[in-house]
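Close look at the chain arrangement
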Amino acid sequence: DKAIKASDTPYPMDVEAGKSYFWCACGKSKKQPLCDGSHSGTDFSPVMYSAIESKQVFFAAAKQRQSNPFAMVVTQKSNRVAE
Ligand code: FES
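Reading the values: rules and limits
Residues numbered from 1 in each chain as written. Predicted model: local features only at pLDDT ≥ 70, side-chain atom pairs only at ≥ 80, totals over all residues. Heavy atoms only, no water. Helix = DSSP H or I, 4+ residues; strand = E, 2+ residues; numbered from the N terminus. Buried < 20%, exposed > 50% of the residue type's maximum accessible area, 1.4 Å probe, protein only. Contact = heavy atoms within 4.5 Å. Areas by Shrake-Rupley, 256 points an atom, 1.4 Å probe, with all protein chains shown as cover. Salt bridge = Lys/Arg side-chain N within 4 Å of Asp/Glu carboxyl O. Phe/Tyr/Trp six-rings, centres within 6.5 Å; stacked < 30°, edge-to-face > 60°. Pairing = 2+ DSSP bridges. Core = buried A, V, L, I, M, F, W, Y, C linked by side-chain atoms within 4.5 Å.

1. Considering the overall build of the protein chain
Scanning the protein chain for helices and strands turns up 0 helices and 6 strands. Helices and strands appear in the protein chain in the N-to-C order β-β-β-β-β-β. Residues classed as buried in the protein chain amount to 34% of the 83 residues present. Across the protein chain, the fraction of contacts at a sequence separation of at least 24, relative to all contacts at a separation of at least 6, is 51%. Here the protein chain displays about 5200 Å² of accessible surface, and carbon together with sulfur accounts for 50% of that area.

Quick look at the structure:
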């Protein structure tokens, strides 16, 4: 099964240090970029992202990537988008 493309642009999110976020891998969630349970019955399961620091991260939305699903994290130091 291929994941559904939720959006062409990544979702910015302000994450809080110490909190965990469940990234939607299937693309079906209505609460993008996070999982809302809509993956049930598919081969997909959400991927946990644990925030080490409070900052804005960009979660991938196209859902076509098999590895490193978070795809883009803007590093505060360089302010560059890293894959
Ligand atoms: Fe997509 Fe849960 S809704 S992984």
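2. Section: the pattern of salt bridges
Under the definition given, this model contains 2 salt bridges. For Lys 19, the salt bridge goes to Glu 16, with nearest N and O atoms at 3.6 Å. Look at Lys 19 and you get partly exposed, because its relative accessible area is 42%. Notably, a salt bridge pairs Glu 53 with Lys 55, separated by 3.7 Å at the nearest N-O pair. Of the residues examined, Glu 53 reaches a relative accessible area of 38% and is grouped as partly exposed.

3. Some details on the packing of aromatic side chains
Going through the model one piece at a time under the given rule, you end up with 1 aromatic pair. Aromatic pair Tyr 49 and Phe 59: ring centres 5.4 Å apart, planes at 80°, arrangement edge-to-face. Of this pair, Tyr 49 sits in strand 3 (residues 47-50) while Phe 59 sits in strand 4 (residues 55-59), placing them 10 residues apart in sequence. Like Tyr 49, the residue Phe 59 is buried in the burial classification.

4. Section: the environment of Lys 28
Tracing the sequence through the fold places Lys 28 in the loop between strand 2 (20-23) and strand 3. Spatially, the C-alpha atom of Lys 28 lies 5.9 Å from that of Ser 38, the residues being 10 residues apart in sequence. Leaving out residues up to four positions away in the same chain, Lys 28 has contacts with Ile 4, Ser 38 and Thr 42.

5. A closer look at the pairing of strand 1 (residues 11-15)
Going residue by residue along strand 1, you find Tyr 11, Met 13 and Val 15 tucked away on one face and Pro 12 and Asp 14 left uncovered on the opposite face. In this structure, strand 1 lies alongside strand 4, joined through 5 bridges in antiparallel fashion. The residue bridging Pro 12 from the neighbouring strand is Phe 58, located in strand 4.

6. Quick look at the nonpolar core
Counting 14 residues, the largest nonpolar core has Val 15, Tyr 21, Tyr 49 and Phe 59 as the members making the most contacts within it. Residue assignment for this core shows that the elements contributing at least two residues are strand 1, strand 2 and strand 4.

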